[in-house]
Amino acid sequence: MDVSKPRAAGGAPLTAADLERLMAEYGDGILRTCALFLRDPALAEDAAQETMLRAWRSYGGFRGGSSEKTWLTAIAMNVCRTMLRSPWRTRRAGPEALEGLTVTDAPRGDDTLLHAVAALPRKYREVVVLYYYQELTIREISQALSVPANTVGVRLKRARERLRPMLKEWYYDEP
């Protein structure tokens, strides 16, 4: 198959309209997932763009064994993992380099939950983001991460156990 002309599942060439539909339906969710996973908005934009580019290139290989959302999420997670392993990441200034700067016109919301989720180890952060934020089922997460569904359930349980003490005073239902 010609890489420059990806094919849709039925064998027809993937059109610009197909790509636009994928971006419109799933682009924001993929961007948010990447942002939560990478903890860097600029890097997340790059990851989301790379995810869509890889999806466009390999759409002909999409067999339909899962939903498009699950398939795109799996691509996004792989892109994020690759970016985290990149030597380039270790050679650039992190977000802490910007801490001394102030922004006066941008109101800040309560980001306690975001910080708590970001503090989780990667394997727990992945399932929390995909389950609560992307609203994927345990089975879909299992497919996206290529791990057994029971593993996803255990990771989700352990992530909740780790989040509970971090969010005890923040969450209004806790005494």
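**Remarks on the overall build of the protein**
Thinking step 1. A count of helical and extended segments in the protein gives eight helices and zero strands.
Thinking step 2. Its helices and strands in sequence order give the protein the pattern α-α-α-α-α-α-α-α, from N to C terminus.
Thinking step 3. With 175 residues in all, the protein has 36% of them scored as buried.
Thinking step 4. Pairs at least 24 residues apart make up 69% of the contacts formed inside the protein by residues separated by at least 6 positions.
Thinking step 5. Accessible surface, the protein as shown: approximately 11100 Å² in total, 54% of it carbon and sulfur.

**As for the packing of aromatic side chains**
Both the distance between ring centres and the angle between the ring planes are used here to describe each pair of aromatic rings.
Thinking step 1. In this structure the tally under the stated criterion is one aromatic pair.
Thinking step 2. Each ring, one from Tyr131 and one from Tyr132, has its centre 4.9 Å from the other, and the planes form 85 degrees; the classification is edge-to-face.
Thinking step 3. On the basis of relative accessible area, Tyr132 is assigned to the partly exposed category, the value being 45%.
Thinking step 4. It is Arg125 that lies over the ring of Phe37; its NZ or CZ is 5.3 Å from the centre.

**Points about the pattern of salt bridges**
Thinking step 1. Taken as a whole and assessed by the stated rule, the structure comprises six salt bridges.
Thinking step 2. Glu126 serves as the salt-bridge partner of Arg122, at 3.9 Å between the closest nitrogen and oxygen. Highlighted residues: Arg122 and Glu126, both in helix α6 (residues 122-133), separated by four residues, approximately one helical turn.
Thinking step 3. Among the residues examined, Glu126 registers a relative accessible area of 3% and is labelled buried.
Thinking step 4. Lys157 serves as the salt-bridge partner of Glu161, at 2.6 Å between the closest nitrogen and oxygen. In this pair, Glu161 and Lys157 are both assigned in helix α8 (residues 149-167), four residues apart and thus about one turn of the helix distant.
Thinking step 5. One network of salt bridges, in which partners are shared, links Arg21, Glu25 and Glu68.

**Things to note about helix α2 (residues 41-58)**
Thinking step 1. Across its 18 residues, α2 extends 26 Å between first and last C-alpha, which sits within 8% of the 26 Å expected from 1.5 Å per residue.
Thinking step 2. For α2, the N-terminal cap is Asp40; the gap from its side-chain oxygen to the backbone nitrogen of Ala42 is 3.1 Å.

**Notes on the confidence of the model for the protein**
Thinking step 1. Overall, the prediction assigns the protein a mean pLDDT of 79, with 77% of residues at 70 or greater.
Thinking step 2. Mean pLDDT in the protein bottoms out at helix α4 (residues 87-90), which sits at 61, and peaks at α8, which reaches 92.
Thinking step 3. Segment residues 1-7 is flagged for pLDDT under 50; beyond a separation of four residues in sequence, or across chains, it makes 14 contacts in the model.

**Quick notes on the side chain of Arg81**
Thinking step 1. Topologically, Arg81 is positioned in helix α3 (residues 68-85).
Thinking step 2. You can call Arg81 buried: its relative accessible area is 13%.
Thinking step 3. For Arg81, the contacting residues outside a window of four places in its chain are Phe37, Arg122, Glu126 and Leu145.

**What about the nonpolar core?**
Thinking step 1. Ile30, Cys34, Leu38 and Leu72 are the most contacted members of the largest nonpolar core, which has 40 residues in total.
Thinking step 2. Of all the elements in the fold, those that place two or more residues in this core are α1 (16-38), α2, α3, α5 (112-118), α6, α7 (138-145) and α8.
Thinking step 3. Element by element, the count of residues in this core is highest for α3, at eight residues.
Thinking step 4. Setting aside residues up to four positions removed in sequence, Cys34 forms contacts with Arg39, Ala44, Ala47, Ala48, Ala76 and Cys80.

**Some remarks on the packing of α1 against α3**
Thinking step 1. Between α1 and α3, whose axes approach to 10 Å, the crossing angle comes to 35 degrees. For the pair α1 and α3, the crossing hand works out as right-handed. From α1, Arg21, Leu22, Tyr26, Ile30, Thr33, Cys34, Phe37 and Leu38 reach across to α3, where they touch Glu68, Lys69, Leu72, Thr73, Ala76, Met77, Cys80, Arg81, Met83 and Leu84.
Thinking step 2. Taken together, the residues of the contact of α1 with α3 sort by class into 12 nonpolar, two polar and four charged.

Criteria and cut-off values
Residues numbered from 1 in each chain as written. Predicted model: local features only at pLDDT ≥ 70, side-chain atom pairs only at ≥ 80, totals over all residues. Heavy atoms only, no water. Helix = DSSP H or I, 4+ residues; strand = E, 2+ residues; numbered from the N terminus. Buried < 20%, exposed > 50% of the residue type's maximum accessible area, 1.4 Å probe, protein only. Contact = heavy atoms within 4.5 Å. Areas by Shrake-Rupley, 256 points an atom, 1.4 Å probe, with all protein chains shown as cover. Phe/Tyr/Trp six-rings, centres within 6.5 Å; stacked < 30°, edge-to-face > 60°. Lys NZ or Arg CZ within 6 Å of the ring centre and 35° of its normal. Salt bridge = Lys/Arg side-chain N within 4 Å of Asp/Glu carboxyl O. Expected span 1.5 Å × (residues − 1). Polar contact = N/O pair within 3.5 Å; in protein donor to acceptor, adjacent residues only side chain to side chain. pLDDT = per-residue confidence, 0-100. Core = buried A, V, L, I, M, F, W, Y, C linked by side-chain atoms within 4.5 Å. Axes fitted to C-alpha atoms, helices over the stretch in contact; angles between N-to-C directions. Left-handed = near helix turned anticlockwise from the far one by under 90°. Nonpolar A, V, L, I, M, F, W, Y, C, P; charged D, E, K, R; others polar.

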